[in-house]
Amino acid sequence: MCDSVSGPPKATQRRTAVDETAVKINGEWSWLYAAIDLNTKVILDVALFKRHGTDPAAAFLHGVCEKHDCSETMFLADDFGHRTAFSRLGLNGPVDDTDRNLIEKWSRTFKMRANRFHNSWVGSRLSVRK
């Protein structure tokens, strides 16, 4: 008698929220970009840039896709520089403010914790990434 075996289970499409937030490091403003997998709640990547906009967003997203398989990923972002970056990189990225709440909460928590211990971040850009 043969057992009937169905194919392997298929993974659902990864939904990843991306956003940026301004942080003060040694008196200078920088932009902290982050990506969070909404299904697992894992922070996929974080990067720091001296400015924000389409070019840093594209560089950040390229880095995320270098480290993770993004072929089945739907990126969720606000309507800032990410939209053009998605197009440049051929990524799926609709505007979706509702499902992006997790990354907004993470950004607020990060800034709150940093502000609690320091009036501004003390350290290098490398220490922020760590």
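Each value, and the rule that gives it
- Residues numbered from 1 in each chain as written.
- Predicted model: local features only at pLDDT ≥ 70, side-chain atom pairs only at ≥ 80, totals over all residues.
- Heavy atoms only, no water.
- pLDDT = per-residue confidence, 0-100.
- Helix = DSSP H or I, 4+ residues; strand = E, 2+ residues; numbered from the N terminus.
- Core = buried A, V, L, I, M, F, W, Y, C linked by side-chain atoms within 4.5 Å.
- Buried < 20%, exposed > 50% of the residue type's maximum accessible area, 1.4 Å probe, protein only.
- Arc of directions from axis to C-beta.
- Axes fitted to C-alpha atoms, helices over the stretch in contact; angles between N-to-C directions.
- Parallel < 35°, antiparallel > 145°, perpendicular 65-115°, else oblique.
- Left-handed = near helix turned anticlockwise from the far one by under 90°.
- Contact = heavy atoms within 4.5 Å.
- Nonpolar A, V, L, I, M, F, W, Y, C, P; charged D, E, K, R; others polar.
- Salt bridge = Lys/Arg side-chain N within 4 Å of Asp/Glu carboxyl O.
- Pairing = 2+ DSSP bridges.

- The protein chain is annotated in an unreviewed UniProt entry as Transposase from Haloferax mucosum ATCC BAA-1512.

**Some remarks on the confidence of the model for the protein chain**
No. 1: Looking at the protein chain as a whole, its pLDDT mean stands at 77, while 72% of the residues score no less than 70.
No. 2: The weakest mean pLDDT in the protein chain belongs to helix H4 (residues 125–129) at 66; the strongest belongs to helix H1 (residues 54–67) at 94.

**Here we look at the nonpolar core**
No. 1: Residues Val18, Ala35, Phe60, Leu61, Val64, Phe75 and Phe86 are the most contacted members of the largest nonpolar core, which totals 16 residues.
No. 2: Residue assignment for this core shows that the elements contributing at least two residues are strand S2 (28–37), strand S3 (43–49), H1 and helix H2 (82–89).
No. 3: In terms of residue count, the dominant contributor to this core is H1 (five residues).

**Some words on H2**
No. 1: Every buried residue belonging to H2 is among His82, Ala85 and Phe86, and all of these are buried. Axial view of H2: buried residues confined to an arc of 105°, hence all on one face.
No. 2: The positive-phi residue at the C-terminal boundary of H2 is Gly90, with phi of around 70°.

**Comments concerning the packing of H1 against H2**
No. 1: Packing of H1 against H2 brings their axes to within 8 Å, and their N-to-C directions diverge by 50°. On the basis of the axis angle, H1 is oblique to H2. The chirality of how H1 crosses H2 is right-handed. Packed against H1, whose contacting residues are Thr54, Asp55, Ala57, Ala58, Leu61 and His62, the element H2 presents His82, Thr84, Ala85, Phe86, Arg88 and Leu89 at the interface.
No. 2: Its residues assigned to classes, the contact of H1 with H2 shows six nonpolar, four polar and two charged.

**Some remarks on the pattern of salt bridges**
No. 1: The full count for this structure, using the stated rule, is four salt bridges.
No. 2: One salt bridge in this structure joins Lys67 and Asp45, with 3.0 Å as the shortest N-O distance. One end of the pair, Lys67, is in helix H1; the other, Asp45, is in strand S3, with 22 residues separating them in the sequence.
No. 3: For Lys67, a relative accessible area of 48% puts it in the partly exposed group.
No. 4: Taking the relative accessible area as the measure of exposure, Asp45 reaches 7% and is therefore buried.

**Let's talk about the pairing of strand S4 (residues 73–76)**
No. 1: Judged by which residues are buried, S4 turns out to be covered on both faces: Thr73 and Phe75 on one side and Met74 and Leu76 on the other are all buried.
No. 2: In this structure, strand S1 (residues 14–25) lies alongside S4, joined through four bridges in parallel fashion. Residue pairing for S4: Thr16 is matched across the bridge by Phe75.

**Re the environment of Val64**
No. 1: Mapped onto the secondary structure, Val64 falls in helix H1.
No. 2: Separated by 20 residues in the primary sequence, Val64 and Leu44 place their C-alpha atoms 7.1 Å from one another.
No. 3: Ignoring any residue separated from it by four or fewer positions in sequence, one finds Val64 in contact with Ala35, Asp45, Cys70 and Phe75.

**Section: the sheet that holds S4**
No. 1: Strand order in the open sheet made by the four strands is S3-S2-S1-S4, with mixed pairing throughout. Each edge of the open sheet is held by one strand with a lone partner, namely S3 and S4. Taken pair by pair, the neighbouring strands of this sheet meet at an average axis angle of 25°, ignoring direction.
No. 2: In the packing of H1 onto the sheet, contacts are made with S1, S2, S3 and S4, and the angle to S3 comes to roughly 145°.
No. 3: Packing of H2 onto the sheet brings it into contact with S1, S2 and S4, and relative to S1 it is tilted by some 130°.

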